[in-house]
Amino acid sequence: MKGLRVALAGALWVLGTLPSYGGDARLALSLDDLGFSKEETRSDPQLQKDLEVRSDMLRIHQTLGLINCVPMVATYTMGLINAGAADPDTDLHMGLGLTTATLYATTACFSVFAPKPKGLKSKGNSELHQVLAVVHGAFMIATPILGGLARQEESLETLHLASATGLVTSYLTAMAVMTF
Amino acid sequence: MLRSVLALLLVPATALSLDLTGKWGLSSGSLTYRVTHPLHKVTGKSAAAKGKGACGAKGCEFLVAVPVKSFDSGDGNRDAHMWEAVKAGLHPMIQVRLTGLKVGKGPTPQEVEVDAEVEFAGKKVLFPGLKLQVAEWGKASARLRGTLPLSLKAFDIKAPSLLTVPIQDKVPVELDLTWRKG
């Protein structure tokens, strides 16, 4: 009998020393237990709003940028035709060029003025796209200026063509890096 | 006879003192999502996960969380679009709660099974019976790998698109979690 009491006491002691979580009836880990800073876990409605506005503006930028390919390529093609023509239609070429420049400026605005949320890092193909934007932006300014000057000084026609070629090439490349 | 009674009473107790009992911490963890589009296959990885776990008489529970903004796909603009799509401004963290742990037999199990509850983009979705492969298993550590078969629709996330073509709804998330006791 004494031995049985000892055995029972021993069993109860072993069972009593088994580890248990917190003594609570329910396991309840929460995000606060993990050691993240308040800044990391805090909700930021303004950030979400900025992200949504940014997405909308960049979607418009993308659409206008794609549409602008049409007058840009048409202007360039017209320029090539004019270069070999006896009676070039410079008015149409100029009209197409003006359309291209206007659409271009509008497209650029949607990118330039899109919100840039905190924590956003420029890298990858997006960064390359921005670098190419600086290149074709410079060509977009130079090309119509050279075109206007070439109307008075024919020797500038070659420079105008070279600038236009640089514009179309860098513009289409900027589109390609965002697509593929 | 008394020795037999003692032995019978003690054996279940020793069998119950599993290696898992105690508190666990995530010593390293990475989560990698995979997105598929006709023109692109993209992966985004985060090594910023933190986690804790505890196993006791009532079972085991593990909680892993990772900031949404810590995922890096290699393109800043793409990451920003991802933040917008998953409402990172309002719900900055992804939380994965693992319960119902079932460990394979033997001293070094090949696989464990858990019920995973994922809280993401303001919604909770349960993935019962998720199998995780055991890459390493020790007395006080375990490295587990597996894939959460996330679906954008399940979390009410509108699939982002490129040139009007949306990405695939299935966005599997690969887990690589190393746990240490104590």
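How each quantity is defined
Residues numbered from 1 in each chain as written. Chains lettered and ligands numbered in written order. Predicted model: local features only at pLDDT ≥ 70, side-chain atom pairs only at ≥ 80, totals over all residues. Heavy atoms only, no water. Helix = DSSP H or I, 4+ residues; strand = E, 2+ residues; numbered from the N terminus. Areas by Shrake-Rupley, 256 points an atom, 1.4 Å probe, with all protein chains shown as cover. Buried < 20%, exposed > 50% of the residue type's maximum accessible area, 1.4 Å probe, protein only. Axes fitted to C-alpha atoms, helices over the stretch in contact; angles between N-to-C directions. Parallel < 35°, antiparallel > 145°, perpendicular 65-115°, else oblique. Left-handed = near helix turned anticlockwise from the far one by under 90°. Contact = heavy atoms within 4.5 Å. Nonpolar A, V, L, I, M, F, W, Y, C, P; charged D, E, K, R; others polar. 1 Å grid on protein atoms, 1.4 Å probe; cavity = no way out; pocket = protein on both sides within 12 Å on 5 of 7 lines; lining within 4 Å. Points joined across faces, edges and corners; volume = space filled by probe spheres on them. Buried area = accessible area lost by both parts, 1.4 Å probe. Salt bridge = Lys/Arg side-chain N within 4 Å of Asp/Glu carboxyl O. Polar contact = N/O pair within 3.5 Å; in protein donor to acceptor, adjacent residues only side chain to side chain. Disulfide = S-S within 2.5 Å.

## A closer look at the overall build of chain A
Helix and strand content of chain A: seven helices and zero strands. Beginning at the N terminus, the succession of helices and strands in chain A can be written as α-α-α-α-α-α-α. Element-wise, carbon and sulfur atoms account for 66% of the exposed surface of chain A, whose accessible area totals about 11200 Å².

## Examining the overall build of chain B
Along its length, chain B carries two helices and 11 strands. Reading the helices (α) and strands (β) of chain B from amino to carboxyl end gives α-β-β-β-β-α-β-β-β-β-β-β-β. When the 182 residues of chain B are sorted by exposure, 45% land in the buried category. Summed over all atoms, the accessible surface of chain B reaches about 9200 Å², with 57% contributed by carbon and sulfur.

## Overview of the packing of helix α4 (residues 69-84) of chain A against helix α7 (residues 157-179) of chain A
All names here are of chain A. Interhelical geometry of α4 versus α7 gives an angle of 150° and a closest axis separation of 11 Å. On the basis of the axis angle, α4 is roughly antiparallel to α7. When you trace α4 past α7, the crossing you get is left-handed. Residue-level contacts link C69, M72, Y76 and L80 of α4 to L161, A164, T165, L167, V168, Y171, L172 and M175 of α7. When the residues that make up the contact of α4 with α7 are grouped by side-chain class, the tally is 11 nonpolar, one polar and no charged.

## Here's the deal with the layout of surface pockets
Over the atoms, a rolled probe matching the size of one water molecule traces out where space is still vacant. All names here are of chain A. Empty space within the second largest pocket amounts to approximately 820 Å³. Around the second largest pocket, the lining comprises 30 residues; the ones closest to its centre are G79, H93, T143, G147 and H160. Of all the secondary structure elements, the ones that give two or more residues to the lining of the second largest pocket are α4, α5 (90-112), α6 (125-150) and α7. Split into classes, the residues belonging to the lining of the second largest pocket amount to 15 nonpolar, 12 polar and three charged.

## Overview of the interface of chain A and chain B
Taken residue by residue, the interface counts 49 residues in chain A and 52 residues in chain B. Contact between chain A and chain B buries roughly 4000 Å² in total, counting both sides, with carbon and sulfur atoms accounting for 68%. Our count for the chain A to chain B interface comes out at one salt bridge. Of the charged contacts, one joins A:K123 and B:D72 as a salt bridge, the two residues approaching to 2.9 Å between their closest N and O atoms. Applying the counting rule to chain A against chain B returns 18 residue pairs in polar contact (both at pLDDT 80 or more). Taken together, the elements giving at least two residues each to the side of chain A that touches chain B come down to α1 (2-16), α2 (38-41), α3 (45-67), α6 and α7 of chain A. With 11 residues, α3(A) is the single largest residue contributor to the side of chain A that touches chain B. Classifying every residue of the side of chain A that touches chain B gives 24 nonpolar, 14 polar and 11 charged.

## Things to note about the environment of B:A47
All names here are of chain B. Tracing the sequence through the fold places A47 in the loop between β2 (41-46) and β3 (50-56). In this structure the C-alpha to C-alpha distance between A47 and L31, which are 16 residues apart in sequence, comes to 6.6 Å. The contacts of A47, once residues within four sequence positions are left out, are G29 and S30.

## Some remarks on the pattern of salt bridges
Residue and element names in this part refer to chain B. On inspection of all chains with the given rule, the structure shows 10 salt bridges over all chains. Residue K123 is joined to D156 by a salt bridge in which the shortest nitrogen-to-oxygen separation is 3.8 Å. Note that K123 is positioned in strand β7 (residues 123-137) and D156 in the loop between β8 (141-151) and β9 (161-162), a separation of 33 residues in sequence. What makes K123 partly exposed here is its relative accessible area of 31%. Taking the relative accessible area as the measure of exposure, D156 reaches 51% and is therefore exposed. If you follow the salt bridges from partner to partner, you end up with E136, R143, R145 and D176 in one network.

## What to know about the state of the cysteines
Residue and element names in this part refer to chain A. Per the counting criterion, the structure on display carries one disulfide over all chains. Here C69 is not cross-linked by a disulfide; its sulfur's nearest cysteine counterpart is in C109, at 18 Å. When its relative accessible area of 14% is taken as the criterion, C69 is described as buried. Judged by its relative accessible area of 38%, C109 is partly exposed.

From the geometry alone we can't say anything about function, so treat these as descriptive.
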